[in-house]
Amino acid sequence: TTKPCYVDTPQTVSEGGGTLNVSVVRLPKVTYCKGLNYFGSTTRYEAGMVTSYKLFSQRYGYFEVRAQVPSTSLSGIQETLWLYPSDETLYGKWPDSGEIDFAEFYSDLATKDYPIVHFPGAPHDPNSNVVPNGCAAGSATPGGGFNDYAVLWTPTTITTYFNGKPCFTDAYGSYVKQPDTAPEPFNQPFFLNFTAALGMGLNAVNMHTPMPATTKVDRKSVWQYH
């Protein structure tokens, strides 16, 4: 499989040079990974993820992360800074309980950021993402440099930012459909996640994808909403 096995090792999660580092690495041989599916499976890749699950969560506010995603324009890498509900089944299985990907990087589209919001009805909401144009501020390039990724989450809107410049503002309420009723599902605490991953589709990983591919997190800040 081309899905990574998520493990906590010095190769996938580390601290050094003043940053938190999460990586995806290619293994020298195919390895069994119990976590890939119910029966277990094999993979050639391992990856790291850092999460504040059961450590910190918050409803509404301004969440900002300064990070550097991998410096490559070859296909195969996907990195995400995101928020996920503390109770992931409060309104039902994904996407019924929501997800806020306030920064999403695809290595084959390395000049842009592609944040997206998931909820029942999101596919019909033109403001829940920036596909296909992506988001960038001035001449900044996500791949290979430190950038500020943020989201302002209020009781009625979700606004994503790239280097302080708004990317999209989603007043999602009128697009919410069953089984949710607005302001669901974005009315419970969410927690932070930093994930190194592999690409899919046109951005599928292959043996030419440079690894290890590391996202470096310089800082994170969270403000409450009043």
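To keep things clear, this report deals only with the structure shown in the data block. (Residues numbered from 1 in each chain as written. Predicted model: local features only at pLDDT ≥ 70, side-chain atom pairs only at ≥ 80, totals over all residues. Heavy atoms only, no water.)

**Re the nonpolar core**
Inference 1: Counting residues in hydrophobic clusters, the biggest one holds 44 residues, and the most contacted among them are Leu83, Ile100, Phe102, Trp153 and Phe186.
Inference 2: Discounting chain neighbours no more than four positions away, the residues touching Phe186 are Tyr60, Gly98, Glu99, Ile100, Val117, His118, Phe119, Trp153, Ile158 and Tyr172. (Core = buried A, V, L, I, M, F, W, Y, C linked by side-chain atoms within 4.5 Å. Buried < 20%, exposed > 50% of the residue type's maximum accessible area, 1.4 Å probe, protein only. Contact = heavy atoms within 4.5 Å.)

**Observations concerning the state of the cysteines**
Inference 1: Here the structure, examined in full by the defined rule, presents two disulfides.
Inference 2: Paired through a disulfide, Cys5 and Cys33 show a sulfur-sulfur distance of 2.1 Å. The chirality of the disulfide connecting Cys5 with Cys33 is right-handed, given an S-S dihedral of about 75 degrees. In this pair, Cys5 is assigned in strand S1 (residues 5-6) and Cys33 in strand S3 (residues 19-33), connecting sequence segments 28 residues apart. No difference in accessibility class separates Cys5 from Cys33, as the two residues are buried.
Inference 3: One disulfide in the model links Cys135 with Cys167; its S-S distance is 2.5 Å. Of this pair, Cys135 sits in the loop between strand S9 (116-118) and strand S10 (146-153) while Cys167 sits in strand S12 (residues 165-170), placing them 32 residues apart in sequence.
Inference 4: Owing to a relative accessible area of 17%, Cys167 belongs among the buried residues under this scheme.
Inference 5: Each bonded cysteine of the protein chain gets a number by its place in the sequence, and the pairs then read 1-2, 3-4. (Disulfide = S-S within 2.5 Å. Helix = DSSP H or I, 4+ residues; strand = E, 2+ residues; numbered from the N terminus.)

**Considerations on the packing of aromatic side chains**
Inference 1: Under the criterion given, the structure shown has 15 aromatic pairs.
Inference 2: Ring geometry for Tyr62 versus Tyr161: centroids 5.8 Å apart, planes at 65 degrees, classification edge-to-face. Linking Tyr62 in strand S6 (residues 61-68) with Tyr161 in strand S11 (residues 158-162), this pair joins segments that are 99 residues apart in sequence.
Inference 3: Taking relative accessible area as the criterion, Tyr161 reaches 16% and is therefore assigned buried.
Inference 4: On the numbers, 5.9 Å between centres and 40 degrees between planes, the contact of Phe186 with Phe190 is tilted. Each of the two residues, Phe186 as well as Phe190, counts as buried. (Phe/Tyr/Trp six-rings, centres within 6.5 Å; stacked < 30°, edge-to-face > 60°.)

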